[in-house]
Amino acid sequence: MNGPREIEHARTASYEADPAQVHRVLLLYSGGLDTSVMLKWIQDSYGAEVVCLTVNLGQPGEDYAVIEGKARALGAVETHIVDAREEFAAGYLLPAIKANAVYGEGYPLFTSLGRPLIAKLAVERARASGCDTIAHGCTGKGNDQVRLEGTIATLAPELKVIAPVRSWQMGREEEIAYAREHGIPVKGGTEAPPYSIDDNLWGRSSEGRWIEDLGHAPEDDVFQLVTRPELAPDEAQTVVVGFERGVPVSLDGQRLGPVELIERAAEIGARHGVGIIDQIEDRIVGLKVRDIYEAPAAAIILPAHRELERLVCTIHQNQFKRELDRQWAYLVYAGLWWEPLRADLDAYMESVNERVTGTIGVRLYKGSARVVTRSSPYAVYDAALASFAESGGLFSQSASPGFIELFTLQSRMAWRLRSERD
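What you see is a predicted model; the values in this text were computed from it and never measured. (Residues numbered from 1 in each chain as written. Predicted model: local features only at pLDDT ≥ 70, side-chain atom pairs only at ≥ 80, totals over all residues. Heavy atoms only, no water.)

Caption draft 1: Quick look at the overall build of the protein chain. Of the regular secondary structure elements, the protein chain holds 14 helices and 14 strands. Expressed as lengths along the three principal axes of its C-alpha atoms, the size of the protein chain is roughly 85 × 55 × 45 Å. Counting every position in the protein chain, which comprises 422 residues, the buried fraction comes to 48%. In the protein chain, the share of contacts with a sequence separation of at least 24, taken over all contacts with a separation of at least 6, comes to 72%. Charged side chains of the protein chain number 44 positive and 60 negative; the gap between the two group centres comes to 3 Å. (Helix = DSSP H or I, 4+ residues; strand = E, 2+ residues; numbered from the N terminus. Buried < 20%, exposed > 50% of the residue type's maximum accessible area, 1.4 Å probe, protein only. Contact = heavy atoms within 4.5 Å. Lys, Arg positive; Asp, Glu negative; His and termini not counted. Charge placed at Lys NZ, Arg CZ, Asp CG, Glu CD.)

Caption draft 2: Just the packing of helix 3 (residues 85–98) against helix 4 (residues 110–128), in detail. One way to put it is that helix 3 packs onto helix 4 with a least axis distance of 10 Å and a crossing angle of 140°. Relative to helix 4, the element helix 3 is oriented oblique. The element helix 3 and its partner helix 4 pack so that their crossing is right-handed. For the pair helix 3 and helix 4, contact is made by Glu87, Phe88, Tyr92, Leu93 and Ala96 and by Phe110, Leu113, Gly114, Pro116, Leu117, Lys120 and Leu121, respectively. Residue classes in the contact of helix 3 with helix 4 are distributed as 9 nonpolar, 1 polar and 2 charged. (Axes fitted to C-alpha atoms, helices over the stretch in contact; angles between N-to-C directions. Parallel < 35°, antiparallel > 145°, perpendicular 65-115°, else oblique. Left-handed = near helix turned anticlockwise from the far one by under 90°. Nonpolar A, V, L, I, M, F, W, Y, C, P; charged D, E, K, R; others polar.)

Caption draft 3: Examining unusual backbone geometry more closely. For Glu105, which is not glycine, the phi dihedral falls at a positive 65°. Taking relative accessible area as the criterion, Glu105 reaches 83% and is therefore assigned exposed. Non-glycine residue Leu109 carries a positive phi angle of around 70°. For Leu109, the location among the structural elements is in the loop between helix 3 and helix 4. On the basis of relative accessibility, which here comes to 0%, the residue Leu109 falls in the buried class.

Caption draft 4: Region of interest: the confidence of the model for the protein chain. When pLDDT is averaged along the protein chain, the result is 92; 94% of the residues meet or exceed 70. Taken as a whole, residues 1–5 scores under 50 in pLDDT and shows 13 contacts with residues more than four places along the chain or in a different chain. (pLDDT = per-residue confidence, 0-100.)

Caption draft 5: Summary view of the environment of Ile97. Within the secondary structure, Ile97 is located in helix 3. It is 7.1 Å that separates the C-alpha atoms of Ile97 and His305, two residues lying 208 residues apart in sequence.

Caption draft 6: Geometry of the pattern of salt bridges. Scanning all chains against the criterion turns up 34 salt bridges. A salt bridge links Asp144 to Arg115; the nearest nitrogen and oxygen atoms lie 3.1 Å apart. Residue Asp144 is found in helix 5 (residues 144–155), and its partner Arg115 is found in helix 4; the two are separated by 29 residues along the sequence. One exposure class covers both Asp144 and Arg115, and it is buried. With a shortest N-O distance of 2.8 Å, Glu158 and Arg127 are connected by a salt bridge. Taken as a pair, Glu158 in the loop between helix 5 and strand 5 (160–162) and Arg127 in helix 4 lie far apart in primary sequence, 31 residues in all. You can call Glu158 partly exposed: its relative accessible area is 46%. The class of Arg127 is partly exposed, set by a relative accessible area of 46%. (Salt bridge = Lys/Arg side-chain N within 4 Å of Asp/Glu carboxyl O.)

Caption draft 7: Spatial organisation of the sheet that holds strand 7 (residues 203–207). Ordered by their spatial adjacency, 4 strands build an open sheet running 6-7-12-11, and the pairing between neighbours is antiparallel. Looking at strand neighbours, the two that pair on one side only are strand 6 (196–200) and strand 11 (276–282), the edges of this open sheet. Neighbour-to-neighbour, the strand axes of this sheet turn through a mean angle of 25°, independent of strand direction. In this sheet, strand 7 lies alongside strand 6 in antiparallel orientation, the contact comprising 5 bridges. Looking at strand 7, one finds that Ser196 is bridged to Glu207. Along the sheet, helix 4 contacts strand 6, strand 7 and strand 12 (288–294); its crossing angle with strand 6, the most-contacted strand, is approximately 75°. (Pairing = 2+ DSSP bridges.)

Caption draft 8: Highlighting the side chain of Arg290. Following the sequence through the fold, Arg290 ends up in strand 12. Residue class for Arg290 comes out buried when judged on its relative accessible area of 10%. One polar contact links the side chain of Arg290 to the main-chain carbonyl oxygen of Asp213, over a distance of 3.0 Å. Ignoring any residue separated from it by four or fewer positions in sequence, one finds Arg290 in contact with Trp210, Ile211, Asp213, Leu214, His216, Ala217, Pro218, Asp278, Gln279 and Ile280. (Polar contact = N/O pair within 3.5 Å; in protein donor to acceptor, adjacent residues only side chain to side chain.)

Caption draft 9: Highlighting helix 4. Here helix 4 contains 19 residues, and its C-alpha end-to-end distance of 28 Å stays within 8% of the 27 Å for a straight helix at 1.5 Å per residue. Burial runs high along helix 4: 15 of the 19 residues are buried. Downstream of helix 4 by one or two residues, Gly130 has phi in the positive range, about 70°. (Expected span 1.5 Å × (residues − 1).)

Caption draft 10: Region of the structure containing the layout of surface pockets. Empty space within the second largest pocket amounts to approximately 340 Å³. Looking at the second largest pocket, the residues that line it are Asn100, Val102, Gly104, Glu105, Arg306, Glu309, Arg310, Asn318, Lys321, Arg322, Asp325 and Arg326. Its residues assigned to classes, the lining of the second largest pocket shows 1 nonpolar, 3 polar and 8 charged. (1 Å grid on protein atoms, 1.4 Å probe; cavity = no way out; pocket = protein on both sides within 12 Å on 5 of 7 lines; lining within 4 Å. Points joined across faces, edges and corners; volume = space filled by probe spheres on them.)

Caption draft 11: Layout of the pairing of strand 8 (residues 237–244). Here 7 bridges tie strand 8 to strand 13 (residues 358–365), and the two strands are oriented antiparallel to one another. Bridge assignment links Phe243 to a residue of strand 13, and that residue is Gly358. The pairing of strand 8 with strand 9 (residues 247–251) spans 4 bridges and is antiparallel. Residue pairing in the sheet places Phe243 in a bridge with Pro248 of strand 9.

If you want it as structure tokens, here you go:
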């Protein structure tokens, strides 16, 4: 392998590490093939000490003791496991719920929301452990490199970054060969994992294999979180989500903290096959890609919040906020969590959500999640006024002709003028 001064990579950004100046590296470590090979490769190629950081954002099925033991066995001088589920839920997911955050009309941003928190924690641990460099396992084709490196460069200009996957010129087979050569355990034996997986409290993404073939329908084995809709229960279930000031606080009347509520909603939604998303996505780096997402909690909570917000806000608030929701989601997707505009938008989100209090019933059945009941003390709704029966008081039906005359005036004039010219 190349020595520290022989690594073939021309630096194009000020925050990229000079190989000769890399001495102690904080590695964002998942325990998978890429980061395990990376742990050994950094030691060999840079002659550097490696500190490993693993962040728990609610990934299901992880054994963190095994991950920590593997890192130590591969030469890490320090290993750190951080349970950041509460911070993730309170500081990142709740603002996203208030902003009805969805990118590209489908993706509920779970990976996008996790990356700035992971990078922030990496900066904190790198400083505490005396590291000069942070390493991550992102490729040069994805959005995550933008999110992680942008955060690191923002919060810690003194720290440098290395991204071995962008520079080491190893494909999956070469990585496996390297792992065998250096005694690195490969999950699942000697075969490459079938999909590239990323998950947390808010959802799961799958990439690779047939997913890259747009003409290939989803295969059943990709769905490891959500029950396939045709196998979901034959009986529908209605789950009632309670909100206070835009924050989900209860399910079916039981008050829960954010993490437990999201986990419970995910379990219920997954059982009923909701939250499967198969979409074409415009990445920040210019690529158009296909992604398979499973987001059962988001599939319940986001529509419920959006409906309650629609109930308590005026038509003008609802129309205006949709544009701000879209801008908020774009900033987060693009890795600009620390952009001041996001904080500005958050101020508006907080203001609008002051009265987003009440309950929404969502009916789950074989892959669908449909709002069926609504209740709020702040609803801008009056059943008597909305009724088709005779009504008076605040709404005078006899005033409608005059309203129609004035409301359509310019449109009628413009149509007449165009018709005369034609």
